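In case you want the letters, here they are:
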Amino acid sequence: MQLITFLSPTAPRRLRVIENILVGKRTVSTLYWGMRYQQLSWLGYEKKLTREVMDQAVTELTAKGWVNLVQTNAQLTDQGVAARQKLMQNRYQPRCLNLRLVVDIETFWQRFLLATQVVSEQSYQNYHYYPLQVSWQVKQSVKRWFSRFHEADLSSQFYSFWQHFFRQLPDSQAAFMSRLLVGHQRPGETRLQVARDFGLSEAEAGVMATDLVCQLARAVSQTQLASVNSLLTGLKRSLISTSAQQTLTSFMAGDSLTVISRKRALKLSTVREHLLEAAIMLPKEQFDFQRVLPPKLVTEVQRRFVDTPLDEWQFKQVGDLSIEFWQFRLIEILRSKQTDDQH
């Protein structure tokens, strides 16, 4: 983890929020500030991150004079900004990491690696080889896939797809990813082996590999080749939790919050949290803000804060209005999605 890349020179950032984003805690507060920091694509990326490692990273940055620390809020100093810029110039920049939130990338990569190996061995008519070590579920999935498509010209289709995909990448990234592939008389290399040859840290190689697999999944979703596209079957994820999705479905169908609470045997506060999660995670047009936010209320709140940066809005400043805190948060979410500002 390179903590410096998650910090800002313009405003303090909450270290516990960054930690919670990386380990994947989906509280409304974490999701809200993750949205404000534009870091939701990293949600759950480092599930094994410990508080000890996080605190050690903060201590190191503080000792170098790269951050100002006030309690658990950190902001980059001028020296920190320079260090961050230098790091970013030489560091792989993810392009498609947010796909992790809607596709089971780990299972997809296992499937695609094994399918590529199977097709490669088939093209050499070799039926006696050690298959890639993957989960039983993935093996069964690829067996069913091969049974369905084995009569197709899989060798040509996969060769064509991989060639097209690699041509879209810079040469170094194509070389990096190709060395991870397993095929006939080609055992494939570990990420650590490839990282060493490319002069990358294990952490940076992990980010690059994950993002390249995300790009691969996007390409697979867009191809017209049924044999390739079908390897994504059943791997889509919802941007929001299953329970939140059920609440949202009822809400969009016209049920009031009270009715949803009663039907689903949930606390009213839980129903509100579900709607806040949906408002944060989904595109603006997929959530009906007007159902719970009277236009006059939105206009008045925005008028009062017209000259105030969003992250400095205070609920107490609208205490005289007929508004609950969750509605105030919804207005903040709406404002954040309407204006491309950054925290």
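Our subject is the structure listed above.
Residues numbered from 1 in each chain as written. Predicted model: local features only at pLDDT ≥ 70, side-chain atom pairs only at ≥ 80, totals over all residues. Heavy atoms only, no water.

1. Let's talk about the environment of Asp-307
Within the element layout of this structure, Asp-307 appears in the loop between helix H15 (295-304) and helix H16 (325-338). Classification of Asp-307 as exposed rests on a relative accessible area of 75%. Between the alpha carbons of Asp-307 and Glu-106 there is a distance of 45 Å; along the sequence they are 201 residues apart. (Helix = DSSP H or I, 4+ residues; strand = E, 2+ residues; numbered from the N terminus. Buried < 20%, exposed > 50% of the residue type's maximum accessible area, 1.4 Å probe, protein only.)

2. As for the pattern of salt bridges
Taken as a whole and judged by the stated rule, the model has 14 salt bridges. Asp-55 serves as the salt-bridge partner of Arg-16, at 3.4 Å between the closest nitrogen and oxygen. Of this pair, Arg-16 sits in helix H1 (residues 15-23) while Asp-55 is found in helix H3 (residues 51-63), placing the two residues 39 residues apart along the sequence. Note on Asp-55: relative accessible area 35%, which makes it partly exposed. Across the pair Arg-26 and Glu-277 runs a salt bridge, and its minimum N-O distance is 3.2 Å. Residue Arg-26 is found in the loop between H1 and helix H2 (28-36), and its partner Glu-277 is found in helix H14 (residues 268-281); the two are separated by 251 residues along the sequence. Given the relative accessible area of 35%, Arg-26 is considered partly exposed. (Salt bridge = Lys/Arg side-chain N within 4 Å of Asp/Glu carboxyl O.)

3. What about the side chain of Arg-36?
Following the sequence through the fold, Arg-36 ends up in helix H2. Accessibility expressed as a relative area gives 2% for Arg-36, which makes it buried.

4. Brief notes about the pairing of strand S2 (residues 67-70)
Pairing of S2 with strand S3 (residues 73-76) involves four bridges; the strand directions are antiparallel. Directly across from Val-67, in S3, lies its bridge partner Leu-76. The hairpin formed by S2 and S3 contains two residues between the paired strands, and Gln-71 there has a positive phi angle of roughly 55°. (Pairing = 2+ DSSP bridges.)

5. Digging into the packing of aromatic side chains
Throughout the structure, instances matching the rule amount to 25 aromatic pairs. Arranged with centres 5.5 Å apart and planes meeting at 90°, the rings of Phe-315 and Phe-325 form a pair that is edge-to-face. Here Phe-315, found in the loop between H15 and H16, pairs with Phe-325, found in helix H16; they are 10 residues apart in sequence, far enough to count as distant. A residue is classified by how much of its surface remains accessible, and Phe-325, at 45% relative accessible area, is partly exposed. Ring pairing ties together the aromatic residues Phe-108, Phe-112, Trp-145, Phe-146, Phe-149, Phe-158, Phe-161, Trp-162, Phe-165 and Phe-166, which thus form one cluster. One Lys or Arg, Arg-291, reaches over the ring of Phe-251 and ends 4.3 Å from the middle of that ring. Above the plane of the ring of Tyr-32 lies Arg-329, whose end atom (NZ or CZ) is 3.9 Å from the centre. (Phe/Tyr/Trp six-rings, centres within 6.5 Å; stacked < 30°, edge-to-face > 60°. Lys NZ or Arg CZ within 6 Å of the ring centre and 35° of its normal.)

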